[in-house]
Amino acid sequence: MADLSGKIVLITAAAQGIGQASALAFAKAGAQVIATDVNAGKLAELEGTAGITTRVLDVLSDEAVGQAVAEIGRIDVLFNCAGVVHSGTVLEMSEQDLDFALNLNVRAQIRTIKAVLPQMLERKDGAIINMATVASSVKGVPNRAAYSISKAAVVGLTKSIAADYTTSNIRVNAICPGTVESPSLHERWHATGDFEGARKAFIARQPIGRIARPDEVADLAVYLAGATYTTGQVHIIDGGWTA
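Treat the numbers as computed from the prediction; the structure is a model and nothing was measured.

### Topic: the packing of aromatic side chains
Argument step 1. In this structure the tally under the stated criterion is two aromatic pairs.
Argument step 2. Aromatic pair tryptophan 189 and phenylalanine 195: ring centres 5.4 Å apart, planes at 80°, arrangement edge-to-face.
Argument step 3. Plain terms: the ring middles of tryptophan 189 and phenylalanine 202 are 5.8 Å apart, the flat faces sit at 65° to each other, and that makes the pair edge-to-face. Here tryptophan 189, found in helix H6 (residues 183-191), pairs with phenylalanine 202, found in helix H7 (residues 195-204); they are 13 residues apart in sequence, far enough to count as distant.
Argument step 4. On the basis of relative accessible area, tryptophan 189 is assigned to the buried category, the value being 1%.
Argument step 5. An aromatic cluster is defined as three or more aromatic residues linked by ring pairs; in this entry it consists of Trp189, Phe195 and Phe202.
Argument step 6. In this structure, arginine 205 packs its charged tip against the face of phenylalanine 202, placed 4.3 Å from the ring centre.

This is the structure in structure tokens:
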């Protein structure tokens, strides 16, 4: 695992799932982690963990993000983990669902990047990691129109920023997981009305024979934070789904 001693890492959506696992992994790697989320109750589970400071943050708010970054000060690594998954085809997709997917999955990442990037440019050093998914420009997945549209935009966002700022030593990469065990995944299984059937169907499409653990994705995020010669890339971690 990379040694990130002395690095300041800001993580969004850190209260559960990949975000929570990443907060723990970054702290284990020696970083000072600011774990943020809108869910104060779940976020409190990280309080008292060595190397982790928690902060309630709404990434949909320009004011809240700007204030948080100003108060935190130096940020060496930004991990944009916040996101939402909508089900439905393009014909079933409502304008409201698409707007929310774009706001949380794309515009929130743009918002945090614009807040943090100037200080990284001053130091000529920084790592930005954006959460995307294989259900994007990487692979067509049924019943995920709003989600795939928004996450394809994250891939474009990542490559665009990398192209603009590589000469300033800003590394920008996207993580594209397949299916990852998480509370939100369980909610989607419950929403089908057949939790066990949905679970088995998801597992059946995994060539590796199981669903990813959040800590496996977190390990990739830690690696990318310390990878000094990798930028503008889409890093797929999907158990062979797109092989």
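### A few points about the sheet that holds strand S3 (residues 52-56)
Argument step 1. Strands sit in the order S3-S2-S1-S4-S5-S6-S7 across an open sheet of seven strands; the sheet is parallel. Across the chains shown, the open sheet's two edge strands, defined by having one partner strand only, are S3 and strand S7 (234-237). On average, each strand axis in the sheet is inclined to that of its neighbour by 20°, with strand direction left out of account.
Argument step 2. Where strand S4 (residues 77-80) meets strand S5 (residues 126-131), four bridges bridge the pair, whose relative direction is parallel.

About the criteria used
- Residues numbered from 1 in each chain as written.
- Predicted model: local features only at pLDDT ≥ 70, side-chain atom pairs only at ≥ 80, totals over all residues.
- Heavy atoms only, no water.
- Phe/Tyr/Trp six-rings, centres within 6.5 Å; stacked < 30°, edge-to-face > 60°.
- Helix = DSSP H or I, 4+ residues; strand = E, 2+ residues; numbered from the N terminus.
- Buried < 20%, exposed > 50% of the residue type's maximum accessible area, 1.4 Å probe, protein only.
- Lys NZ or Arg CZ within 6 Å of the ring centre and 35° of its normal.
- Pairing = 2+ DSSP bridges.
- Axes fitted to C-alpha atoms, helices over the stretch in contact; angles between N-to-C directions.

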